Amino acid sequence: MMYYRKALMLQSYVEKQVFGDIEDGMSGVDLTNTHGYELSREVRAQADLKFTYVVTCQIYGQQKQKRAVEAADIALLMQRNEALRVAYIDIVETLKDGKTYKEFYSKLVKADADGNDQEIYSIKLPGDPKLGEGKPENQNHAIIFTRGEAIQTIDMNQDNYFEEALKMRNLLEEFHGDHGLRPPTILGVREHVFTGSVSSLAWFMSNQETSFVTLGQRVLANPLKVRMHYGHPDVFDRIFHITRGGISKASRVINISEDIYAGFNSTLRQGNITHHEYIQVGKGRDVGLNQIALFEGKVAGGNGEQVLSRDVYRLGQLFDFFRMLSFYFTTVGFYVCTMALSGLDVAITKKARSLDSTALEAALNTQFLFQIGVFTAVPMIMGFILEQGLLKAIVNFVIMQLQLCSVFFTFSLGTRTHYFGRTLLHGGAKYRATGRGFVVRHIKFAENYRLYSRSHFVKAFEVVILLIVYVAYGYANGAVSYVLLTISSWFLSISWLFAPYIFNPSGFEWQKTVQDFDDWTTWLLYKGGIGVKAEESWETWWDEEQVHIRTLRGRIFETILSFRFFIFQYGIVYKLHATGKSTNLSVFTFSKKISVNFQLMVRFIQGATFIAVVTGLAVTVAVTSLTVTDLFASILAFVPTGWAILCLAITWKSVVKSLGLWKSVSAIARLYDAGMGILLFIPIVVLSWFPFVSTFQTRLLFNQAFSRGLEISLILAGNKPNVQL
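Residues numbered from 1 in each chain as written. Predicted model: local features only at pLDDT ≥ 70, side-chain atom pairs only at ≥ 80, totals over all residues. Heavy atoms only, no water.

Chemist: Please explain the sheet that holds strand β4 (residues 117-125) as it appears in this structure.
Modeler: Sheet strands pair via backbone hydrogen bonds, and the direction of the pair is either parallel or antiparallel. The strand order across the open sheet formed by four strands is β1-β2-β3-β4, and the pairing between neighbours is mixed. Each having just a single partner strand, β1 (53-56) and β4 make up the two edges of the open sheet. The mean angle between the axes of side-by-side strands here comes to 35°, regardless of whether they run parallel or antiparallel. (Pairing = 2+ DSSP bridges. Helix = DSSP H or I, 4+ residues; strand = E, 2+ residues; numbered from the N terminus. Axes fitted to C-alpha atoms, helices over the stretch in contact; angles between N-to-C directions.)

Set out below in structure tokens:
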């Protein structure tokens, strides 16, 4: 970002040459000769009058006390860049009347001639300023140390280019340009994502982000006039915003997506937000699937909180009809539509079934597959066509499909749906740190399972069971028709189940698979306790997964949703030969005996042998009216019913604990997670057995340099476990 200062120095140097006002008699010389312009004291002073770069790092004072490496790096940056300032919170402990008191100071420092920190401002605060969300509090703490009429907010994962910095004064002139009824209060700037060459995932995210910061925001700004502040590096009218609440709202939870609230605030106060594409700032996006999922989870949860905010309500009340619809479908409406993506498809499919039109039903399901895999990529395709031409756009789109972009976007659909829905039901969205680092490494099976178990795996298994029941009891028109009718649902389920392992570096390498299985079983069987982290024990992780269920409203909603499993059980038990053709609700009594005694069954399984189980099943089939088909149906009914009982027990945890049944519930939950993990592991183990699968995955999903480095490291490792990859 110090390119801005360098650009100002160069522009000032050249202008003074033109007007003959440079010291040392250098007027009238060749304008192309700019050698030594950085040594001019007048030019440096002119740049310092117009530009200051404030880095806000609240914990810099604590890092200095601990002599951390980060503090030394920040000090080195200040020594090398004289216009750089660092704002931080200084905590001073004082002893008064035998008690220790903490005093908080907001400080701004720079590097002096000797390289030491020189204090510029020190403001005593009434208390700890960290009351809300960390990032907006950090911005609000440092904005008082800025000056001038404009302020540009920059993230730590952003870069800049000297040729772009030369355009900044042209951008600032836009504040005085004609942009409608009101002058601009936020100047939107496009971003150049430079991490797209790392892997296929990075390329997908780069294309998706590029289409949004160019084509998307261009349309939002004009003609829709609903562009907000979606993140840095937008330029703010500092005077306008600092006198109207600042650039960040920092209330805990509700303002988890603090960026867009700056746009809400500016629009509500009769501001004008524009977008300009002749200047850009570099940006590094997340390159790993887990990083991407955490980021999208944070954004989806933030949108869930926006639904509950007064800002969205007020904007909806004040906008005209067309602007209101545009605003809805470009903010919270996008996530609502994501949750209801298949609603229209289901309605039309039911109509096709009522007309007994198998061909129409198959066509609709194929269309739905096209929709979930390609519809989310439409903005990217349009961006390709506009910027690269039709032919290259088609080539890029085909390459993306070969690199399984439909699998990735379908998986992302599940991520957004889960976190947005959870926030609507329970609230409590939280910031999910992704690190924004260059992370292209093998992710262990247990880590993927912890992150995606409840958001993707459980829902995917539920869909798979429904598809199995459909083919077993509800469809009899041939295998080809069944595939055509259910291909979209199977694609959705497989994407949600195996995308984390398909896009995992060395995901099908045999040594990694063996290590992952050992790590997963250790984590699954390790007992939790005080001080044990979720990464070390299944019990701790399981307890943390229930934290979001806090309110009575949330418990009621969870209870209502859990009853869908009992309806499913009724449909399956109705098909048992042992119940005859009865459709009475009394058929529940057949499977309730199993459900009631399930806790005893868990204890019995722990001490019984496999032979005894097989013998018991054989005797049951021989003596009773149960058939082998009934046993299969009982399993299909029993698994979802057990999960429903488990969900209800978790929802009403305090009641179950008072009854002394919580340990049994924990044992059931562990058994379910073990079963889901085994079902996920089997295909991975089979594919890992073939060496060419891992090589094909690496070549397909990662760039040539990374693929070559990975293969060389495997050769050098030999038979040793390559843990560091």
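Chemist: Is there a simple way to explain the pattern of salt bridges in this structure?
Modeler: Taken as a whole and judged by the stated rule, the model has 22 salt bridges. Put simply, Arg190 and Glu277 hold a salt bridge, and the shortest N to O gap is 3.9 Å. Of this pair, Arg190 sits in strand β7 (residues 186-193) while Glu277 sits in strand β9 (residues 273-283), and the two are 87 residues apart along the sequence. Where Asp311 meets Lys249, a salt bridge forms, and the shortest distance between an N and an O atom there is 2.7 Å. Residue Asp311 is found in helix α12 (residues 310-318), and its partner Lys249 is found in the loop between α9 (238-242) and α10 (258-268); the two are separated by 62 residues along the sequence. Assessed through its relative accessible area of 5%, Asp311 is described here as buried. By relative accessible area, Lys249 is classed as partly exposed at 29%. Through salt bridges with shared partners, a single ionic network connects Arg5, Arg44, Asp48 and Glu82. (Salt bridge = Lys/Arg side-chain N within 4 Å of Asp/Glu carboxyl O. Buried < 20%, exposed > 50% of the residue type's maximum accessible area, 1.4 Å probe, protein only.)

Chemist: Just checking my understanding: could you explain the sheet that holds strand β6 (residues 158-159) for this structure?
Modeler: In spatial order, the strands read β5-β8-β7-β9-β6; together these five strands make up an open sheet with mixed pairing. In this open sheet, the two edge strands, each paired with only one partner strand, are β5 (150-152) and β6. Of the strand pairs in this sheet, β6 and β9 are connected by two bridges, and their pairing is antiparallel. The partner of Gln158 across the bridge, within β9, is Lys283. Strands in contact with helix α8 (residues 200-221) are β7 and β9; relative to β9, the strand with the most contacts, it is inclined by about 160°. (Contact = heavy atoms within 4.5 Å.)

Chemist: So what exactly am I meant to see when it comes to the environment of Asp320 here?
Modeler: Assignment of secondary structure puts Asp320 in the loop between α12 and α13 (321-329). At 2.9 Å, the side chain of Asp320 forms a polar contact with the backbone nitrogen of Arg323. (Polar contact = N/O pair within 3.5 Å; in protein donor to acceptor, adjacent residues only side chain to side chain.)

Chemist: Would you explain unusual backbone geometry in this entry?
Modeler: For residues that are not glycine, phi is negative in most cases, and the peptide bond is trans in most cases. With an omega of 20°, the peptide bond running from Asn222 to Pro223 counts as cis. Structurally, the position occupied by Pro223 is in the loop between α8 and β8 (235-237). One non-glycine residue, Leu404, lies in the positive phi region at around 65°. With respect to the element layout, Leu404 can be found in the loop between α18 (390-402) and α19 (405-426). Positive phi is not limited to glycine here, since Ser506 has a value of about 60°. When you line up the elements, Ser506 lands in the loop between α21 (479-502) and α22 (510-525).

The values are spatial; any link to function lies outside them.
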